[in-house]
Structures are given as structure tokens and as C-alpha cells.
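Observations on chain architecture
Read off the chains here:
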Amino acid sequence: MGVKLVDITKTFPDLSHPHREVTAVRNASLEVRDGEFVTFLGPSGCGKTTTLRIISGFEAPTSGEVWISGQMVNDIPPNKRDTSMVFQSYAIFPHLSVGQNIGFGLELRGRPRREIRTEVEKIMEVMDLKGLGQRRPDQLSGGQQQRVALARAIINRPSVLLFDEPLSNLDAKLREQMRLEIRRIQQTFGITSIYVTHDQAEAMTVSDRIVVMNQGDIVQIGTPFEIYSRPATRFVADFIGRVNFFEGRIGPGREVAFTVGGRKEIQSRSREFAQGDPVVVTVRPESLRISHGEGGFLSGKISKAVYLGQVVEYEIDTGRDKPVLAVTHNPVEEGFFSPGETVGVDFSPVAAHVLPA
Amino acid sequence: MTRGSTARLRRDIKMVVGDPLLLIVILLVLASLVIFIIYPLVSVVLTAFRTGTGYSFSVFRDVLASRYLRQAFWNSVMMGVLTAAAGAVVGFLFAFAIARADIPFKKFFHVIAIIPVVSPPFIGALSIIMLFGNNGLVTYSLLGINNYPIYGFRGLLFAQVVTFFPVAYITLRGVIESISPTLEDAALDLGGSRWKAFLKVTLPLTIPGIAGAMLVLFIETMADFGNPLILAGSQFPILSVQAYLEITGMYDLPKGSALSILLLAPSITAYFLQKYWVSRKQYVTITGKPTTSALKSVSPGAKWLLFALCLVIAALILLIYITILWGAFARVWGYDSTLTLQHFRDVFGVGFQAVKDTLTIAGISTPAAGILGMMIAFLVMRKRFPGRRFMEFTSMLSFAVPGTVIGIGYILAFNRKPLVLTGTLAILLLNFIYRYIPVGIQSGVAILRQVDPSIEEAAVDLGADSKKTFFRITLPLMVPAFFSGLIFSFVRAMTAISAAIFLVSSSWNLMTVQIMSQVESGRLGTAAAFSVILVGLILLAILLIRTILVLRYGRFGGAAVKI
Ligand SMILES: Nc1ncnc2c1ncn2[C@@H]1O[C@H](COP(=O)(O)OP(=O)(O)OP(=O)(O)O)[C@@H](O)[C@H]1O
Ligand SMILES: [Mg+2]
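Residues numbered from 1 in each chain as written. Chains lettered and ligands numbered in written order. Predicted model: local features only at pLDDT ≥ 70, side-chain atom pairs only at ≥ 80, totals over all residues. Heavy atoms only, no water.

**Topic: the packing of aromatic side chains**
The following threshold applies: Between rings of Phe, Tyr and Trp, where Trp is taken as its six-membered ring, a pair exists when centres lie within 6.5 Å; planes separated by under 30 degrees are stacked, by over 60 edge-to-face, and by other angles tilted. Helix and strand definitions here come from DSSP, where helices need a minimum of 4 consecutive H or I residues and strands a minimum of 2 consecutive E residues; each element is numbered from the N-terminal end. Think of it in three bands: with a 1.4 Å probe and only protein chains considered, a residue is buried below 20% of the maximum accessible area for its type, exposed above 50%, and partly exposed in between.
Throughout the structure, instances matching the rule amount to 35 aromatic pairs over all chains. Plain terms: the ring middles of Phe258 of chain A and Phe347 of chain A are 6.2 Å apart, the flat faces sit at 90° to each other, and that makes the pair edge-to-face. Within this pair, whereas Phe258 of chain A is found in strand β12 (residues 256-258), its partner Phe347 of chain A is found in strand β19 (residues 342-347), the two being separated by 89 residues in sequence. The pair Phe258 of chain A / Phe347 of chain A is uniform in exposure class, with both members buried. Connected via pairs of aromatic rings, a cluster forms that spans Phe94, Phe105, Phe108, Phe109, Phe165, Tyr169, Trp304 and Phe307 of chain B.

If you want it as C-alpha cells, here you go:
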């Protein structure tokens, strides 16, 4: 049953202009399936938090409907909704012990003390918090606080878990560890989850599907693979990872004739366009092949080479306003290219994706 | 009304109506504010304008026609302005010396500056009478002068400054400590002298704080009743005292009301200046935490000069308190200084009822005011409802309204149906509660600013309704603030006089009022003994509250209570 958003719009009064309004979310529709892990991804201010707060009930949508487990919940206050939120600031109650924090939801439901204790202990075991029940929250590390917040949210077995950038206060290493942890817990309990982040690697790691937002609009919904390799718009392609854009037009054989020269038959989508349509072809840096000397459909000079150990990143000056980005993964076999060297650039048609210009 | 604000209003109403408990609480609070703050004030205004048949300015015309009363108005305003100026200077001196100049005995000076805050505001006047009055220690016993003219302007100004400069000290110390010394270092680094750094950096940054402190001092001095009653004398009429005499001496309610409106007007003006103008100008502390270690801020010469000035002021304050203490034990002040416990026996004999009454009234009203203040702080900070601004405004109004005005308001409002309360315990309690809610509100608001709203949202998210969230999460987080507010309002309640003097009766009396009547009948020893006991009780109560806090909340709780 999961969560369903039907045409949700949310406007706020603009605080700096008394008569204007800010549209934080515009006509958002979405279905999250039972047990699915869906992530909202987008730049700062695009309306991710607002959407999440509409689902949890802390904001009322200006128009549209929110459905949770097959029930329309617009008029149900947040405390009666079957959702649990993990806050960016964790929002751990500072005056309660770790155990009291985790058991708070059960206590509100009037469960007997003994039952609460065993439940809390069980979940602390799963969450790797064993033996910390008596601690005060300020005696915990950042990662432990994060786990307490998560434990507190799932102990009620809510039908939906909501996360608002839960990892943004952790350092890089811990963040990578915790996102796997969150995914593991979510799968263990099978709880439908909606997650907000602006870190695309995080979104790719944890999600079944990703919802990309920009300036209040949902611009694409898809699996991490779809989002990355078949971006729906130039914005998505650019926002998720790094990308090269090559402009061109659709030729008579439905192939793409590139502005820079050369033609290619590209499988994905080039058939959807009419002859003569201006298009842009997106190619990820790792899908570009570079070779010594001229060749391929484009050639240029290496302007920068950065050796990162497992990969080498190149910038290639082809005379266009932006350098072409390329990454090689196996420098020992593919060879090194040094700055100043002339190289040929090419890619295989399956690795490219065509978008309207 | 714009479309946006109508929509917001509709949303606000919907939210409140959807939560019946919240709705009831809001309505009760609003109603009580109207009854116990607005209604008495309205009564004062109506009484001042009422004539036999209708409403007119005739009472005002009478008042303004009287040279004596016009004089009283100007005297009060002048006293307010001068006390504000002198108090701010002394307060700044103390604050700067302690916070920046690294003078010796900082702790000692701090304690000295805090003493007047925890003692009745008329201690200064009482002590001055004992030192310079008819049988004064300095004037009569030492110098042999009879009838030294201490009553009037000079004596009163001195007493007022001693009484109220600590307010400026506390405010300005906070302000100065929040200015990062690195700013001064930067000025020095850029080649300025220390004096230039002070003039160009430190002083400009404290100007809004000084202005704010001066306005507060002005309000407090205008409202003060105890010092002028003892010290002003008939040559130097003061408005609050004249209003009191009009009511209790002449039973002229309209005239008393008109005088209190004259008293109210400058105070309210100052309050609005402070709230809507000066507080906007306050610089935000960019560095957050108070930063110390500014050993280079002043030159050695300036440091010792500041130290000397602080010593002189401290000596004066000590003199005042030692005089009171001595007076409490001396057989007959000025004539016979053999030590005796007779005055204390008097207090515990005749005056004991007043001690009990005072403790009862302060003991009930201050926690009640604290809880009500916390509730209002919570509603105002965390809820959106129609009437929120009105609630905030009205509940903070007591800060600006002189006690004399509100006291007269209470006898006017609650002396007739539907609420007849005169002479009861209730009228004193209600008066105290509604006078001291701003203290609770302020500390509540301060702590709620620090509590991330998502902590409360987390509780709601887990299924808590607004009542559970308040009692399980918000209230416990506010407890330390509640207690620090409690200390402050307890001190105020124990030492209150200006409103209370209208409301006491034969069955419910207060120590402060007793002290006043002892002074008036010339029994200075008993008055001094009463004062010593009063201050002792206050210190005991503070100690008690702090101990409870430290035991219950550890250092964290204790640290929340600073005074
Ligand atoms: N209570 C509010 N009042 C007015 N405007 C608001 C309010 N809450 C959000 N907004 C505006 O709505 C837009 C979306 O905000 P939102 O918090 O949903 O963004 P976000 O995607 O979560 O951004 P971030 O990644 O920075 O957290 C922003 O332009 C924001 O300024
Ligand atoms: Mg956000």
C-alpha cells in the first residue's frame, strides 16, 4: 500500500515580500510501494524537506492529497499518522536516557514497562547499541546518536519511515558506514522508507528508486540505474555525477550528426526524435575511450591529468568552451596520457543517451 | 487583509480548534490576562476621566492646575533621567572593570553589586536616614549637625542610584562580555591606542546596551515608591508618593487615578522605546560564547583608576548595609549604641504575622507566576493562534506599568461586583502572580530559543499529543529556566511594596509595608531588624532553590541559575 502523493502543491508566504508566495513543491505525484526505499534527491531549497514534512503531517499541503497505507491522511495530525521521522539534528530528548528515548514511542502507547524494556533491549542489540541504555544522550558519539534516533523511530514499527538528511552531521567515513546500516535495518524490518538527501552517492547506495527534484518540481523518478544512465533532462544528467554534453541533430537515418563532426547511431531514444531535431547526447566520463593520436569522432589535447590511484581523470581540450572529461580505470593496461598529448576521443553508442537540446 | 494573511488566519484557527485542550488553555490565559492586567488599567483610566455625569478632562485640569503636582511630575521624570544616567555610568564602570580591566577582587565587587538586587529597594533610603537624618550617625553623632537637609533631591538620587545601578551592571556586563576581545585586539593591531580602541570599538558596541539599561532604569526609578516615601519629603514631591497619598490620605480616587496616568505615560513610552527601538539595534554576538582573556584592554593606569573607583562605590554600598545591620542591633539608633536583640524580639512578637504572610504570599505566588510564565512562553514561541501577539504584549506589560498604577487599578477594579476581592489573600496573590509572569516568560523564551523545535516534533511524530509533548518534553527542558526565574521573582515578591501597599489589610500584611510604617513612626531599629530578617530569608530561599537544582540536575542545573 505504501505512500501515495496526489498532485501535491505547497506554497509559503514569502517572508521578504508580504504579497508574494514561494512555491516549495509544485504538483508532485508519486507512489511509493510497500517496503520500498525511495529517496528524494535535489539541490538545496528544491522542496525535499517540505515534501517530507507534508507526508509526516507537520505541514499541510496547499492542495493535493497524501495517502498512507490506502488511507487519505490530509486531516490526520502528525501524532496520529503511522510515520516515524529520523531528524537531521537527531532530535534526541536531552533529558531522557538512551533507553528512555528509544522506548518513548512504546511508552506513549501505554505498553507495560516490562515489555518496553525487552523491546528496547532487543532493538539496541540489533542497532549495535548494547549496554548504552543508561547513558545520557550527550555521552554518545555522533554515530551512536544517529543509531538511537533510528532505533527510536523504528521501535513503533511504523508503516513509513522518513529520513531528512540523517547523515549530514557525520564525517565522511561514518556516513558511508551508516548508509549501509540504514539500508540493512530497513530491509530487516521491511519498512517503507522515504529518504531525503542531496548527496547523490548516498542516494544511489540506499535507494530502490530515486526522485529527483528541482525548484519544487519532480523532474524524474527512476531506479539509480535509470537516473544515472537515462537521465530525463539535462538538469538530472548534470546533477547526478559528471557528464559530457555533445550537441547535434537527428539525421535522416535517425542517427545523430554531431556539431563537432561525425555521426553515430545511438540506441537509446534517438528513434523518438524527428529528423532535424536538435538534440544533446550525454556521455559519462567513464564511458569515453581515449586513444593515442588522432582518431574517434573527436580529438583534442590533454590539458590536465589527475592520478587518483584506482582511476585517472583527464580533461581534454577540444577547442569547445568546456573541456571534455574522461576517466580511465585501468591505467596500467589502458596506458597513461600526458598533458599536452593529442588524443582521440570516442564512445560506444550503448553508453550514450540522447536528450532534446 | 491580504489573501495570504487570511489563509494563515484560517489555518491558525483550524489548528487551535482541532486541539480542544490547547484551545481551552489559550482561552483561559487570554481571559485571565484581560481580567487581571487590562481590566485594572482600564479602571484607572475610566476613574480618572469620570465625573458625576459623564466623562471629561476636569480631574486632569485640576491636577495640572496644581503647581505642586506639576512639580511632582517633573521631579519624578528628572529623578528617572538622572538615576538612569548616573546608574548607567556606575553600572558600566563596574561592568567594564570586572569584565575587561582585570582588577583584583573581581568576585568581591560582583557580590557587592548583586546585594542591592536581593534586598528591598528602600534599604538605601533607610540607611541614609540612619546616617544623615535627624539622629544620623554622620550628621548628628559625628558632626553635631542637627536637621541636615538630607530629605529631598540629593539623598533620594543617591539612594536611587545605589538601588538601581546593579540592573545596569548586570545588563552591561553581559553586553561587554559578548564583545569578542579579538575585536579590540584587532583595533590595537591596526595601530590604535588602547584609549582609541575603547572609544572606537568597545564603547560603540555597548551603546545600544547602555541605552537599553538606561530605559530600564528610568522605568524602575519612575515606578519606585519606597525610597521616595522615606526620603523625598514634602519639599520635593514625587508622583508615585503623591498618588498614594491622594488615595490613602484623601480618598480621592479620581485624582489618584489621574496622577497614576501621568506616572504611566513616561514609563510606557520608555518601555516602547526599549522594546521596539533599542532592542532592534542590539548587535548580534558574532562569536557566540562569551570570550574572556582581554588582559590588554586597558593600560595599568586606567586599571588602577577603575579599581579605585570601584573601591569607593563598594565602600558606600557596604556602609549602607553595615549601617542597617548595626542599626538592627543598637538599642536606640544615634543615642545608645549598646547591642541588643530587642528589635528582633519585636519583629518576632508583633511583626511575626507579617513575616508569615509575606512568606505565604511570595511562596504561593512566585511558583504560580513561574508556571504561568512558562506556559505563556511556550504558547507564544511554539504555537500559532489568533491573539498570540496580544498575549505576548499583555503579559509583558507589567514590566512597564508602575506598581503604584497597578495597585490603584486593583483597588478600583476588585472593590465592586462582579469580583470583590479587597482585603483578601486572593487580591495580593493575583496581583503578585500577574506582576511577575514576565520574569518566567523571559527565561522560558530564552530557553525555548535554544531548544531545537524538532525535539518537540520528534515527540509528536512518535505519537504524543500536545499535552504529552508539553509535559514530557518541553516542560522538563524548561525546568532550569523555571527555577532561575523563580529566584528572581521570589526576590521581587518578597521586596515588593508599590502595588502591595494598596492591597494589604489587617488580615494580610507584608514585611515591606511593616518596615515602612516603622520608619514613619521613627522606630528605625525595628525597621532595620525587619530588613535584616527580610534579606536573610531571601538569601536562605536562594540557597535552598540552588541546592535543590544542583542536587536534582547536577552542575548543569546549578549553572542555569546565575544570580
Ligand atoms: N516555513 C517556511 N516559510 C517560508 N518558506 C519556506 C518555509 N519552509 C520552506 N520554505 C521555502 O521553501 C523552499 C523549499 O524548502 P525545503 O526546506 O523543502 O528545501 P530542501 O530541498 O529541503 O533544501 P535543503 O537541501 O537545503 O534542506 C525554499 O525556498 C524555502 O525557503
Ligand atoms: Mg531540507
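**So, the interface of chain B and chain A**
Quick reminder of the rule: Contacts: residue pairs with any heavy atoms within 4.5 Å of one another. Any Lys or Arg side-chain nitrogen found within 4 Å of a carboxyl oxygen on Asp or Glu counts as a salt bridge. Here a polar contact is recorded for every N or O atom pair within 3.5 Å, except that within protein the pair must consist of a potential hydrogen donor and a potential acceptor, and residues adjacent in sequence are included only if both atoms are side-chain atoms.
On the side of chain A, 28 residues touch chain B, which itself brings 21 residues to the contact. On inspection of chain B and its partner chain A, the count reaches two salt bridges. For the salt bridge of Glu107 of chain A with Arg472 of chain B, the shortest nitrogen-to-oxygen distance reads 2.7 Å. The interface formed by chain B and chain A holds eight residue pairs in polar contact (both at pLDDT 80 or more) in total. Counting residues per element, the ones that place at least two in the side of chain B that touches chain A are α1 (3-17), α20 (453-461) and α21 (466-495) of chain B. Ranked by residues supplied to the side of chain B that touches chain A, first place goes to α20 of chain B with seven residues.

**What to know about the site of ligand 1**
Residues and elements named next belong to chain A. Formally: In this text, near means that some heavy atom of the residue lies within 4 Å of the molecule or strand in question. Here the nonpolar group is Ala, Val, Leu, Ile, Met, Phe, Trp, Tyr, Cys and Pro; Asp, Glu, Lys and Arg are the charged ones; every other residue, Gly included, is treated as polar.
The immediate surroundings of ligand 1 are formed by 13 residues, with Ser44, Gly45, Lys48, Thr49 and Thr50 found nearest. With respect to ligand 1, the side chain of Thr49 contributes an N or O atom lying 2.5 Å from an oxygen atom. Within the side chain of Glu165, a nitrogen or oxygen atom sits 3.3 Å from an oxygen atom of ligand 1. Only β1 (3-13), β2 (21-32) and α1 (48-56) provide two or more residues apiece to the shell around ligand 1. Taken together, the residues of the shell around ligand 1 sort by class into five nonpolar, six polar and two charged.

**As for the side chain of Thr47 of chain B**
Residues and elements named next belong to chain B. Relative to the helices and strands, Thr47 is located in helix α2 (residues 20-49). Within polar-contact distance, the side chain of Thr47 engages the backbone oxygen of Ser43 at 2.5 Å. Dropping the residues within four chain positions of it, Thr47 is found in contact with Leu253, Pro254, Ser257 and Leu412.

**Side note on the nonpolar core**
Formally: Within this scheme, the nonpolar core is defined by two criteria: the residues are buried Ala, Val, Leu, Ile, Met, Phe, Trp, Tyr or Cys, and they are joined through side-chain atoms within 4.5 Å.
Counting 176 residues, the largest nonpolar core has Phe94, Ile376, Met391, Tyr410, Phe432, Tyr434 and Ile437 of chain B as the members making the most contacts within it. Looking at which element gives the most residues to this core, the answer is helix α4 (residues 67-99) of chain B, with 16 residues. Here Ile376 of chain B is in contact with Val29, Leu33, Met391, Ser395, Ile437 and Ile441 of chain B, once residues within four sequence places are set aside. If you look at the next biggest cluster of nonpolar residues, it comprises 40 residues, including Ile55 and Phe104 of chain A together with Leu462 and Ile473 of chain B.

**Quick notes on the packing of α4 of chain B against helix α12 (residues 239-248) of chain B**
When two helices pack together, their arrangement is given by the angle between their axes and by how far apart the axes lie. Residue and element names in this part refer to chain B. Worth spelling out the cut-off: To define axes, lines are fitted to C-alpha atoms, for helices over the stretch in contact only, and angles between the resulting N-to-C directions are given on a 0 to 180 degree scale. Working rule for angles: under 35 degrees goes down as roughly parallel, over 145 as roughly antiparallel, 65 to 115 as roughly perpendicular, anything else as oblique.
Packing of α4 against α12 brings their axes to within 8 Å, and their N-to-C directions diverge by 140°. On the basis of their axis angle, the class for α4 and α12 is oblique. Of the residues in α12, those touching α4 at Tyr68, Leu69, Ala72, Phe73 and Ser76 are Leu239, Ser240 and Gln242. Along the lines of polarity and charge, the residues of the contact of α4 with α12 split into five nonpolar, three polar and no charged.

**Structural notes on the confidence of the model for chain B**
All names here are of chain B. Here is the rule: Confidence of the predictor in every single residue is expressed as pLDDT, which spans 0 to 100.
Of the residues in chain B, 88% reach a pLDDT of 70 or more, and the chain-wide mean stands at 83. Mean pLDDT across the elements of chain B bottoms out in α1 (65) and peaks in α4 (92). Note that pLDDT drops below 50 for residues 284-294; the model gives that stretch twelve contacts with residues more than four away or on any other chain. Note on residues 555-563: pLDDT is under 50 here. Beyond four places in sequence and across chains, it has 15 contacts.

**Structural notes on the domain arrangement of chain A**
Residues and elements named next belong to chain A. Rule in force here: An automatic or database domain assignment supplies the residue ranges for each domain. When two parts are brought into contact, each loses some accessible area as probed by a 1.4 Å sphere; the total of that loss over both is the buried area.
Taken domain by domain, chain A consists of domain 1 (3-235) and domain 2 (242-356). Taking only C-alpha atoms into account, the centre of domain 1 sits 39 Å from that of domain 2. Contacts between the two partners involve eight residues from domain 1, matched on the other side by twelve residues from domain 2. Here domain 1 and domain 2 share an interface that buries about 780 Å² over both sides, 47% of which is from carbon and sulfur atoms. Considering only the side of domain 1, the residues that lose the most area to domain 2 are Tyr228, Arg230 and Arg234, jointly responsible for 72% of the buried surface there. Counting across the domain 1 and domain 2 interface gives one salt bridge. Across the salt bridge formed by Glu247 and Arg234, the nearest N and O atoms sit 3.8 Å from each other. Inspection of the domain 1/domain 2 interface yields three residue pairs in polar contact (both at pLDDT 80 or more). With three residues, the top contributor of residues to the side of domain 1 that touches domain 2 is helix α7 (residues 224-229). When the residues that make up the side of domain 1 that touches domain 2 are grouped by side-chain class, the tally is four nonpolar, two polar and two charged.

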